[in-house]
Amino acid sequence: MSGYVLAIDQGTTSSRAIVFDGEINIVAVAQKEFAQIYPASGWVEHDPEEIWSTVVATMRDALKKAQLKAVDISAIGITNQRETVVVWDKATGKPIHNAIVWQDRRTAPLCAKLKKAGHERRISAKTGLLLDPYFSGTKIAWILDKVKGARRRAEKGELLAGTIDTFLIWRLTGGKVHATDATNASRTLLYNISANEWDDELLTLLRVPRALLAEVRDCADDYGRTEKALFGDEIPILGVAGDQQAATIGQACFEPGMMKSTYGTGCFAILNTGPQIVRSKNRLLTTIAYRLNGKTTYALEGSIFIAGAAVQWLRDSLKVIQKSEHSGILAAKADDSQEVYLVPAFVGLGAPHWDAEARGAMFGLTRNSGPAEFARAALESVAYQTSDLLSAMKRDWKGAAAKTVLRVDGGMVASDWTMQRLADILDAPVDRPKILETTALGAAWLAGSRAGVWPKEKAFAKRWALDRRFEPAMDATTRKRKVAGWHDAVSRTLSR
Ligand SMILES: Nc1ncnc2c1ncn2[C@@H]1O[C@H](COP(=O)(O)OP(=O)(O)O)[C@@H](O)[C@H]1O
Ligand SMILES: O=P(O)(O)OC[C@H](O)CO
């Protein structure tokens, strides 16, 4: 066996395919962006056919760039934007509606209704999640209610549903496999994370027929083979995990107490809590980090909706920078005497506030405030939000190391200025690894280790290599003053 592994990273804004060789080096990357559809305020959709065509095109492209054929690839690993759902016709494979994306807020009224009826505690106890439109379950119910005849057809077993991994597996295997992995299942509001199964009470509460749902497997498992017609030969699919969990694996955060934070469009911090289900008292999520050989490892997660998106806002809406990488350079020029804060609640606030109605605000503006102060405020908002997550994690679980080291990845970590400010505000070291494609790497490791061509967990963890450590350098008085200013800004932004 060659040791070549192909990872599919189906993200919120683009589909990517990455080929790794047997020595875990990246040999080819292909990427295609696709359309973001905003049918109404707070609604976000993707066309599942475009997701499918970009995935197939990038896979073919990556194989071509690597000068490899399907037969050279030992295994495929899939990782995906989580919570986003598709419902499709079992007979034709055609979606009956666009995918409803994780950022979509259309089911806020349904969540509010379930909350009012007193269901949140019970749902949280079983799923580790909160009643927020972010998760898949209410989105599936919405499609069944709004597409004519869908509910009746779902009950008759004529439709299938799934997160993006499930849809891709169905398509790649030519409709032979309807499966998902435990991490993706754990983001649906329908999955009992202690019993490790779809939960009948939750299915009834959210009005989702069981016939729609996929079989839940381990993250490293047999997910069938790609159809020969697609790439010229069959390739086994042996690894699946939601993208944040895949990044946790790619960062080799296999020990309880280890933590990674990914700074892409949003920011997702995941703390490994081992076999223990830690219930958050601070509105963090409890989720499945991975399930290997039938053994579940759990995590606490803090989800922030706007991180790199604040940089896009500086570039695309304010036009104070031309390129994302200019944001750090501009922020470094900001006037230290001005305390300007941005609370980037553009789509509400995620953890630990979960305020869907809050909207963004800036504080502390003077006549001297300009592009540099705006850029600094945008980048600092990411550091402050991470600091809120970290302190919530420490309050929730004593296993969260007092001397936390944060392993970081995602597009934003290219900014040295932001990483230094993050270390300063957290008062903790921030480690940036050499391989920044940690999400793809995690999915590839699941597949490669399952295929027996890549090292097992411990040997893989030893290969994690540091690019740069950012040590905290801000004095305590300044840090405390700045963090207090942030908390004041947040309290003035919350809708309740
Ligand atoms: N040098 C940089 N400084 C600050 N932000 C950056 C930099 N490079 C990229 N970004 C931001 O990172 C994000 C892209 O990261 P990526 O991990 O590709 O996101 P996603 O997977 O969510 O699409 C964008 O929002 C972009 O603005
Ligand atoms: O596609 P990303 O990298 O923005 O990640 C999205 C998350 O999985 C949403 O929960």
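Residues numbered from 1 in each chain as written. Chains lettered and ligands numbered in written order. Predicted model: local features only at pLDDT ≥ 70, side-chain atom pairs only at ≥ 80, totals over all residues.

S.K.: Tell me about the sheet that holds strand 13 (residues 237-242), residues and numbers included.
M.R.: Read from one edge to the other, the open sheet built from 5 strands follows the order 3-2-1-5-13, with strand pairing classed as mixed. What marks the edges here is a single partner per strand, and that holds for strand 3 (26-33) and strand 13. Averaged over all neighbouring strand pairs, the angle between strand axes comes to 15 degrees, with direction disregarded. Lying over the sheet, helix 10 (residues 243-250) contacts strand 1 (4-10), strand 5 (73-80) and strand 13, oriented at roughly 110 degrees with respect to strand 13. Against the sheet, helix 15 (residues 438-451) contacts strand 1, strand 2 (14-20), strand 5 and strand 13, and its axis sits at roughly 140 degrees relative to strand 5. (Pairing = 2+ DSSP bridges. Helix = DSSP H or I, 4+ residues; strand = E, 2+ residues; numbered from the N terminus. Axes fitted to C-alpha atoms, helices over the stretch in contact; angles between N-to-C directions. Contact = placed C-beta atoms within 7 Å.)

S.K.: Go over the nonpolar core with me, naming the residues and quoting the values.
M.R.: Residues Val-5 and Val-87 are the most contacted members of the largest nonpolar core, which totals 156 residues. Element by element, the count of residues in this core is highest for helix 13 (residues 371-396), at 12 residues. The residues that make up this core include at least three from each of domain 1 (4-243) and domain 2 (252-433 + 465-496). Residues contacting Val-87, with those up to four places away along its chain left out, are Pro-95, Ile-96, His-97, Ile-140, Ile-143, Ala-150, Leu-159 and Ala-161. (Core = buried A, V, L, I, M, F, W, Y, C linked by C-beta atoms within 7 Å. Buried ≥ 20, exposed ≤ 12 C-beta atoms within 10 Å, placed from the backbone. Domains from an automatic or database assignment.)

S.K.: An account of unusual backbone geometry is requested, with residue identities and associated values reported.
M.R.: The omega torsion across Ala-351 and Pro-352 is -5 degrees, close enough to zero to call that bond cis. You can see Pro-352 is positioned in the loop between strand 18 (341-343) and strand 19 (361-363). The phi torsion at Glu-83 lies on the positive side, around 70 degrees, for a residue other than glycine. Relative to the helices and strands, Glu-83 is located in the loop between strand 5 and strand 6 (85-89). On the basis of neighbour count, Glu-83 is assigned to the buried category, with 26 C-beta atoms found within 10 Å. Even without being a glycine, Leu-189 presents a positive backbone phi close to 75 degrees. Looking at the element boundaries, Leu-189 is found in the loop between helix 7 (182-185) and strand 10 (191-192). Take Leu-189: there are 30 C-beta atoms within 10 Å of it, and that puts it in the buried class.

S.K.: How would you explain the packing of helix 13 against helix 14 (residues 416-426) if you had to name every residue and give the values?
M.R.: Where helix 13 meets helix 14, the closest approach of the two axes is 9 Å, and the angle between their N-to-C directions is 35 degrees. Once helix 13 is placed against helix 14, the crossing between them reads as right-handed. For the pair helix 13 and helix 14, the contacting residues are Leu-379, Glu-380, Val-382, Ala-383, Tyr-384, Thr-386, Ser-387 and Leu-390 in the first and Trp-417, Thr-418, Arg-421, Leu-422, Ile-425 and Leu-426 in the second. Of the residues belonging to the contact of helix 13 with helix 14, the class tally is 9 nonpolar, 3 polar and 2 charged. (Left-handed = near helix turned anticlockwise from the far one by under 90°. Nonpolar A, V, L, I, M, F, W, Y, C, P; charged D, E, K, R; others polar.)

S.K.: Would you mind going over the sheet that holds strand 17 (residues 295-304) in detail, with residue names and values included?
M.R.: Strand order in this open sheet of 7 strands is 16-17-15-14-20-21-22, and the pairing throughout is mixed. Bordering the open sheet on either side are strand 16 (285-292) and strand 22 (466-470), each of which pairs with just one other strand. Sheet twist, expressed as the average angle between the axes of neighbouring strands with direction ignored, equals 30 degrees. By the bridge criterion, 4 bridges tie strand 21 (residues 430-433) to strand 22 in an arrangement that is antiparallel. What sits directly across from Arg-432, in strand 22, is Arg-468.

These values are about where atoms sit, not about what they do.
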